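Notes for the structure review
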Amino acid sequence: MNWQWLWLGFLLPMTVSGRALGPAEKEAAVDYLLQYGYLQKPLEGLDDFKPEEITEALRVFQEAAELPVSGQLDDATRARMRQPRCGLEDPFNQKTLKYLLLGRWRKKHLTFRILNLPSTLPTHVARAAMLKAFQYWKNVAPLTFREVQAGWADIRLSFHGRESSYCSNAFDGPGRVLAHADIPELGSVHFDEDELWTEGTYRGVNLRIIAAHELGHALGLGHSRYTEALMAPVYAGYRPYFKLHQDDIAGIQALYGKKGPEIEDKEEEEMELSSVPPMPTKPSPMPDPCSGELDAILLGPRGKTYAFKGDYVWTVTDSGLGPLFRVSALWEGLPGNLDAAVYSPRTQWIHFFKGNKVWRYINFKMSPGFPKKLNRIEPNLDAALYWPLNQKVFLFKGSGYWQWDELARTDFSSYPKPIKSLFTGVPDQPSAAMSWRDGRVYFFKGKHYWRLNRQLRVEKGYPRDIAQNWMHCRPQSPDTIPTDGDITPSATDIILDTIPSATGSITLPEA
Ligand SMILES: [Ca+2]
Ligand SMILES: [Ca+2]
Ligand SMILES: [Zn+2]
Ligand SMILES: [Zn+2]
């Protein structure tokens with residue numbers, strides 16, 4: 001029993017060409033919609049799609065592909081699904097016809113390494129195609145790319161096939177998926193070695209154009225809904241006078257700025273904790289991390305844990321507490337007394353919630369247009385977290401939660417749902433929540449915290465004491481000394497699992 005069959009039953013009589021579609025064709029279509037992000041497997045509940053969900057997914061796909069929008073699996077739609085394309089998702093259920101940003105590098109001078117080249121082209125032709133691909137982006141944004149011949153590089157280009165010792169995302173033989181890439185700051189760019197890679201001809205697949213497209217992903221761009229854009233998901237074929245589309249240029253410049261005439265090559269200064277004046281300028285009650293309730297907590301970029309209370313924020317490291325900072329000293333423009341905070345490795349966005357407002361930052365820089373009003377979910381949230389297993393953000397208030405896909409227009413009409421229906425054993429009205437480096441979910445309330453396993457059930461032995469176990473505070477009395485050893489979830493003794501990356505954790509081995 002599965003969703004394909006439910007759907008097949010429903011759509012069986014509908015064909016446009018008059019010829020009945022075989023189940024395999026329909027199954028292939030549902031697979032396509034799933035693979036490229038038009039359908040999303042629900043986290044909760046059954047594994048089946050409603051017929052109207054499939055119809056809606058087909059509509060979105062048809063609209064994006066500039067096909068007649070019928071919501072049915074007609075001939076034109078099936079033909080488009082067979083066209084060769086990029087392996088990444090098309091998460092553009094939103095209405096805006098615009099470039100999509102998936103992340104960015106925190107530096108503008110990047111290294112790259114070409115690990116192998118296709119056998120279908122002479123080496124110097126293939127290399128020239130690759131270098132030209134970098135050139136397109138370099139021409140319009142203040143980026144530089146330096147090739148390295150050995151060791152680690154920021155961007156690593158290679159060819160692999162149906163099987164790969166280093167990529168979990170196998171290719172599919174000639175045709176269909178041509179290439180895939182990771183978003184920043186991962187840097188893998190892979191090409192299907194079974195394609196006929198060519199240059200200067202309409203035969204085969206143009207290496208230069210596909211490489212430029214995949215580099216667009218590696219630099220942080222998602223798929224564009226302009227079918228003439230380089231970042232369109234479907235390969236448009238060889239173009240002798242290829243150049244970037246205005247949408248491609250606008251996208252890369254939104255990430256890295258414009259290429260100025262006098263090139264200011266100052267590396268963007270990263271705000272590190274050490275460079276921030278540690279003392280608050282105005283007197284304000286300084287919280288005691290060893291007592292009281294947290295406002296919010298987040299696992300930020302580079303695995304740093306930030307705890308928020310009142311006007312202050314501090315880091316929690318393996319050796320205990322870092323110094324206290326004013327919230328506004330780290331995140332300029334952000335108020336204290338936050339409701340909730342969450343960082344998403346998928347988008348690199350940090351969202352802060354307070355009252356009816358939401359702020360978005362990348363690292364410590366506020367994104368343009370923020371703060372915004374929260375209008376599709378309730379104000380005064382309790383907590384928020386990112387769950388790496390489905391790459392969604394969860395927002396909590398009272399006994400309810402909302403699940404939010406940051407890159408798609410989420411339908412919130414069925415939310416809030418009861419927290420208890422998904423997170424077993426968690427208290428209502430948590431004060432803070434997060435997924436941590438061990439891939440587990442933690443909830444905080446009052447002086448206590450709860451740890452959940454991958455099935456989202458509270459583990460044995462919880463709740464535990466925040467001050468002792470998280471903040472490494474000295475126990476106040478002998479009877480609160482933690483029992484030694486076993487599974488104390490302080491930063492020191494948690495096993496560091498790898499968390500799935502945004503596009504399926506593709507990394508190259510050190511060569
Ligand atoms: Ca292929
Ligand atoms: Ca809170
Ligand atoms: Zn792509
Ligand atoms: Zn790969």
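Per an unreviewed UniProt entry, the protein is named Matrix metalloproteinase-19, and its organism is Loxodonta africana. Reading the Subcellular location (unreviewed entry) entry of the UniProt record for the protein gives the comment "Secreted, Extracellular space, Extracellular matrix".

A few words now on the packing of helix α5 (residues 123-138) against helix α6 (residues 207-219). The contact between α5 and α6 brings their axes to 8 Å, and the two run at 45°. By the angle class used here, α5 and α6 are oblique. Classified by chirality, the crossing of α6 by α5 is right-handed. Facing Ala126, Ala129, Met130, Lys132, Ala133, Phe134, Tyr136 and Trp137 of α5, the residues of α6 in contact are Leu207, Arg208, Ala211, Ala212, Leu215 and Leu219.

To continue, consider the UniProt feature "binding site: Ca(2+) 2" (unreviewed entry) in the protein. Following the UniProt record, the feature "binding site: Ca(2+) 2" (unreviewed entry) maps to Asp154 here. Its location among the elements puts aspartate 154 in the loop between β3 (144-147) and β4 (155-160). Not counting residues up to four positions away in its chain, the partners in contact with aspartate 154 are Leu110, Thr111, Phe112 and Gly187.

Taken together, four strands build an open sheet; the order of strands is β18-β19-β20-β21 and the sheet is antiparallel. The open sheet is flanked by β18 (383-387) and β21 (417-418), the only strands paired with a single partner. Sheet topology note: the strand β20 (residues 400-404)/β21 ladder contains two bridges and is antiparallel. By the bridge assignment, tyrosine 401 is partnered in β21 with lysine 417.

Quick look at the UniProt feature "repeat: Hemopexin" (unreviewed entry) in the protein now. Per the UniProt record, "repeat: Hemopexin" (unreviewed entry) is annotated on residues 287-334, 335-373, 378-426 and 427-473. Overall, residues 335-373 shows 0% helix and 54% strand. The separation of its end C-alpha atoms is 15 Å.

To continue, consider helix α7 (residues 246-256). Quick reminder: α-helices carry 3.6 residues per turn. Residues three or four places apart thus point the same way. Asp247, Asp248, Ile249, Gly251, Ile252, Leu255 and Tyr256 are the residues of α7 that are buried. The elements touched by buried residues of α7 are α5 and α6. One or two positions beyond α7, positive phi appears at glycine 257, with a value near 85°.

As a further point, take the sheet that holds strand β1 (residues 85-86). Pairing in this open sheet of six strands is mixed, and the strands run β1-β5-β6-β4-β2-β3 from one edge to the other. At either end of the open sheet lies a strand with only one pairing partner, and these are β1 and β3. In this structure, strand β2 (residues 109-114) lies alongside β4, joined through three bridges in parallel fashion. Across the sheet, residue isoleucine 114 finds its bridge partner in β4, namely leucine 157. Packed on one face of the sheet, α5 meets β2, β3 and β4 and runs near 155° to β3.

Let us look at the pairing of strand β10 (residues 305-309). Of all the five residues making up β10, four are buried; the element is thus mostly covered by neighbouring parts of the structure. In the sheet, strand β9 (residues 296-299) pairs with β10 via four bridges, with the strands oriented antiparallel. In the sheet register, leucine 299 faces β10, and the bridge partner there is threonine 305.

It is worth spelling out the environment of tryptophan 436 at this point. Its location among the elements puts tryptophan 436 in the loop between β22 (432-435) and β23 (441-445). Look at tryptophan 436 and you get buried, because 20 C-beta atoms sit within 10 Å. Considering only alpha carbons, one finds tryptophan 436 and leucine 298, 138 residues apart in sequence, at a separation of 8.3 Å. Apart from the residues within four sequence positions on either side, tryptophan 436 is in contact with Leu299 and Tyr442.

Calculation notes
Residues numbered from 1 in each chain as written. Chains lettered and ligands numbered in written order. Predicted model: local features only at pLDDT ≥ 70, side-chain atom pairs only at ≥ 80, totals over all residues. UniProt positions renumbered as here; feature names shortened; annotations may be inferred. Axes fitted to C-alpha atoms, helices over the stretch in contact; angles between N-to-C directions. Helix = DSSP H or I, 4+ residues; strand = E, 2+ residues; numbered from the N terminus. Parallel < 35°, antiparallel > 145°, perpendicular 65-115°, else oblique. Left-handed = near helix turned anticlockwise from the far one by under 90°. Contact = placed C-beta atoms within 7 Å. Pairing = 2+ DSSP bridges. Buried ≥ 20, exposed ≤ 12 C-beta atoms within 10 Å, placed from the backbone.

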